[in-house]
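Residue-level listing of the chains:
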Amino acid sequence: MKYKGYEALVRFDEDDQILIGEVINSSAIIGFHSENSKDLEGEFHTCIDNYIELCAKIGEAPKKPLSGKILVRTTPKIHRLVTDSARSRGVSVNKFIEEAVIERIQA
């Protein structure tokens, strides 16, 4: 689900018999729940609206949704090695780095 740039994933909690949503593209921890799928999207919208309103009340800017862009600084030598490795595998540098990060996270 998406709303005002925020994106959420939903899972079913078997113990409590509720749907639990979590915003996945923000560094802020934002969650919501609903007892049924009919009300889930409304709960998500209310949650985001409340978060933005709370930030305004306390004078802080809401944490913006993550863009999916990560700037990586490295040495020219590493840059060359990454470029050569990506080229030899027939993928873009971005795809090569993404796969390397995923591999490391799963290790």
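Before reading on, note that the structure itself is shown above.
An account of the accompanying structure is given in this report.

Each value, and the rule that gives it
- Residues numbered from 1 in each chain as written.
- Predicted model: local features only at pLDDT ≥ 70, side-chain atom pairs only at ≥ 80, totals over all residues.
- Heavy atoms only, no water.
- Pairing = 2+ DSSP bridges.
- Helix = DSSP H or I, 4+ residues; strand = E, 2+ residues; numbered from the N terminus.
- Contact = heavy atoms within 4.5 Å.
- Axes fitted to C-alpha atoms, helices over the stretch in contact; angles between N-to-C directions.
- 1 Å grid on protein atoms, 1.4 Å probe; cavity = no way out; pocket = protein on both sides within 12 Å on 5 of 7 lines; lining within 4 Å.
- Points joined across faces, edges and corners; volume = space filled by probe spheres on them.
- Nonpolar A, V, L, I, M, F, W, Y, C, P; charged D, E, K, R; others polar.
- Polar contact = N/O pair within 3.5 Å; in protein donor to acceptor, adjacent residues only side chain to side chain.
- Phe/Tyr/Trp six-rings, centres within 6.5 Å; stacked < 30°, edge-to-face > 60°.
- Buried < 20%, exposed > 50% of the residue type's maximum accessible area, 1.4 Å probe, protein only.
- Core = buried A, V, L, I, M, F, W, Y, C linked by side-chain atoms within 4.5 Å.
- Patch = residues over 30% accessible without salt bridge, like charges linked within 9 Å, V, L, I, M, F, W, Y side chains within 5 Å.
- Areas by Shrake-Rupley, 256 points an atom, 1.4 Å probe, with all protein chains shown as cover.
- Salt bridge = Lys/Arg side-chain N within 4 Å of Asp/Glu carboxyl O.

## Some thoughts on the sheet that holds strand 4 (residues 31-34)
Move 1: If you walk across this open sheet you meet the 4 strands as 1-2-3-4, and the pairing is antiparallel. Strands at the two margins of the open sheet, each flanked by one partner only, are strand 1 (2-3) and strand 4.
Move 2: Looking at chain direction, strand 1 and strand 2 (residues 6-13) are connected through 2 bridges and run antiparallel. When the sheet's bridge partners are listed, K2 is paired in strand 2 with E7.
Move 3: In the packing of helix 1 (residues 37-58) onto the sheet, contacts are made with strand 1, strand 2, strand 3 (18-23) and strand 4, and the angle to strand 4 comes to roughly 150 degrees.

## Here's the deal with the layout of surface pockets
Move 1: Put simply, the largest pocket is a space of about 570 Å³.
Move 2: What lines the largest pocket is a set of 15 residues, and nearest its centre among them are I70, V72, N94, I97 and E98.
Move 3: Secondary structure elements with two or more residues in the lining of the largest pocket: helix 2 (76-89) and helix 3 (93-106).
Move 4: For the lining of the largest pocket, the class distribution of residues is 9 nonpolar, 4 polar and 2 charged.

## A word on the side chain of T83
Move 1: Assignment of secondary structure puts T83 in helix 2.
Move 2: Here the side chain of T83 touches H79 through a polar contact of 2.8 Å, landing on its backbone oxygen.

## Points about the packing of aromatic side chains
Two numbers describe a pair of aromatic rings. These are the distance of the centres and the angle of the planes.
Move 1: Inspection of every chain in the model, using the stated rule, returns 3 aromatic pairs.
Move 2: Centroid distance Y6 to Y51: 6.3 Å. Interplanar angle 85 degrees. Geometry classified as edge-to-face. With a gap of 45 residues between them, Y6 in strand 2 and Y51 in helix 1 connect regions that are remote in the sequence.
Move 3: Under the relative-accessibility criterion, Y51 is labelled buried at 15%.
Move 4: Through a chain of ring-to-ring contacts, three or more aromatic side chains come together here, namely Y3, F32 and F44.

## Description of the nonpolar core
Move 1: If you look at the biggest cluster of nonpolar residues, it comprises 14 residues, and the most contacted ones within it are Y6, V23, I30, F32, F44, I48 and Y51.
Move 2: Elements supplying a minimum of two residues to this core: strand 2, strand 3 and helix 1.
Move 3: With 6 residues, helix 1 is the largest single contributor of residues to this core.
Move 4: With sequence-adjacent residues up to four places away left out, I30 is seen in contact with Y6, G21, E22, V23, C47, I48 and Y51.

## Focus on a nonpolar patch on the surface
Move 1: Taken together, the side chains of I97, V101 and I105 make up a nonpolar region of the molecular surface, amounting to roughly 270 Å² of accessible area.
Move 2: Given the relative accessible area of 64%, I105 is considered exposed.

## What to know about the pattern of salt bridges
Move 1: Summed over all chains, the structure comprises 4 salt bridges.
Move 2: Here R80 makes a salt bridge to D84, at a shortest N to O gap of 3.3 Å. You can see R80 and its partner D84 sitting in helix 2, 4 residues apart, about one turn around the helix.
Move 3: Its relative accessible area of 35% is what places D84 among the partly exposed residues.

By themselves, these are just geometric observations and shouldn't be taken as functional.
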